[in-house]
Amino acid sequence: MAKPASTRIFTVANQKGGVGKTTTTVNIAAALSMGGLRVLVVDLDPQGNASTALGVPHRDIEGVYDVLMGSAQISSVIQKVAGFPALDCVPSNSSLANAEVNLVSMVARELRLKEALDEISPNYDYIFIDCPPSLGLLTINAFAASRELMIPIQCEYYALEGLTDLLNTVRLMQSKLNPELEFLGILRTMYDKRNNLAIQVSAQLVEHFNEQVFYVSIPRAVRLAEAPSHGSTAVAIDPESAGAQSYLRLARELLKRLKEAE
Ligand code: ATP
Ligand code: MG
């Protein structure tokens, strides 16, 4: 797989919970790193799901919270992901739940993650930031630190309701904090091509966002849901499964889009 000219930093965000942010982050990161690219996952969610899915310890250790608070260097909290020579993780940790409150009084509170990533980004081709299901200061830190934004969306009835708020926040970020931030695209997750409602919501998304909707969609697939219980990703444990194949296709589409944009 081709290396980008410079490090590309992605935020995977949607303030709606359970839409596939973490599943997307870890599988696409694993897919790219299996292709020989150097990839870092930043687990910015106090739930620590991305750390769990990558089999990285995260409960009572230093992690991204300490980095945001300035009490640890990012290079000292990075962990290797077993079985993936080119994949690293900045784990979440339990204290991260306090970050939204404790960041408020800090200097340049929106830029804490960006400043930390600036120190290590040259070591990676791609960095993926997995966000919590909210538009609070953690997600704002991710927006400020990244160039590309991916929004996983589950094609169901309420899917579009929070999207306006999310895109307004993105526009605000672009005008005030990070003019480089690009809305790369919407990813349809847990997509059932035989379900009428899913088809309707998908059609609405394509009508509004055209080519900003990824061509590849992710089907509902049991392997994707099971893999975290093995501390691993579907692309690692069962690369031939339907779910893993869809993320491998997504990784190829992503690289193609980035190349076209360069
Ligand atoms: P949160 O907002 O809580 O961080 P999230 O947006 O990160 O959630 P995930 O944790 O990735 O969402 O997914 C929610 C649940 O759905 C998980 O149990 C996950 O294993 C499952 N899941 C995600 N994608 C798929 C899929 N394509 N097929 C089947 N199950 C899936
Ligand atoms: Mg998650």
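Predicted model only: the values in this text are computed from it and were never measured. (Residues numbered from 1 in each chain as written. Chains lettered and ligands numbered in written order. Predicted model: local features only at pLDDT ≥ 70, side-chain atom pairs only at ≥ 80, totals over all residues. Heavy atoms only, no water.)

S.K.: What am I meant to see in helix 1 (residues 21–34) here?
M.R.: Because the α-helix completes a turn every 3.6 residues, residues three or four places apart line up on one side. Here helix 1 spans 20 Å end to end across 14 residues, near enough to the 20 Å set by a 1.5 Å rise per residue. Most of helix 1 sits out of view: 12 of its 14 residues are buried. Within the span of helix 1, buried status applies to Lys-21, Thr-22, Thr-24, Thr-25, Val-26, Asn-27, Ile-28, Ala-29, Ala-30, Ala-31, Leu-32 and Ser-33. Within two residues after helix 1, Gly-36 carries a phi angle of roughly 95 degrees, on the positive side. (Helix = DSSP H or I, 4+ residues; strand = E, 2+ residues; numbered from the N terminus. Expected span 1.5 Å × (residues − 1). Buried < 20%, exposed > 50% of the residue type's maximum accessible area, 1.4 Å probe, protein only.)

S.K.: Got a minute to help me understand a nonpolar patch on the surface in this structure?
M.R.: Residues Tyr-157, Tyr-158 and Leu-197 make up a contiguous nonpolar surface patch of about 360 Å² in total accessible area. Mapped onto the secondary structure, Tyr-157 falls in the loop between strand 6 (148–154) and helix 8 (163–176). (Patch = residues over 30% accessible without salt bridge, like charges linked within 9 Å, V, L, I, M, F, W, Y side chains within 5 Å. Areas by Shrake-Rupley, 256 points an atom, 1.4 Å probe, with all protein chains shown as cover. Salt bridge = Lys/Arg side-chain N within 4 Å of Asp/Glu carboxyl O.)

S.K.: Explain the sheet that holds strand 2 (residues 39–43) to me, please; I cannot follow it from the model alone.
M.R.: Taken together, the seven strands give an open sheet; going across it, the order is 3-4-2-5-1-6-7, and neighbouring strands pair in mixed fashion. At either margin of the open sheet sits one strand with a lone partner, and together these are strand 3 (79–80) and strand 7 (182–189). Two strands pair when backbone bridges link them, and strand 1 (residues 8–12) and strand 5 (residues 126–130) are joined in this way by five bridges, in the parallel orientation. In the strand pairing of strand 5, Val-12 is matched with Asp-130. (Pairing = 2+ DSSP bridges.)

Nothing here speaks to function; it is geometry throughout.
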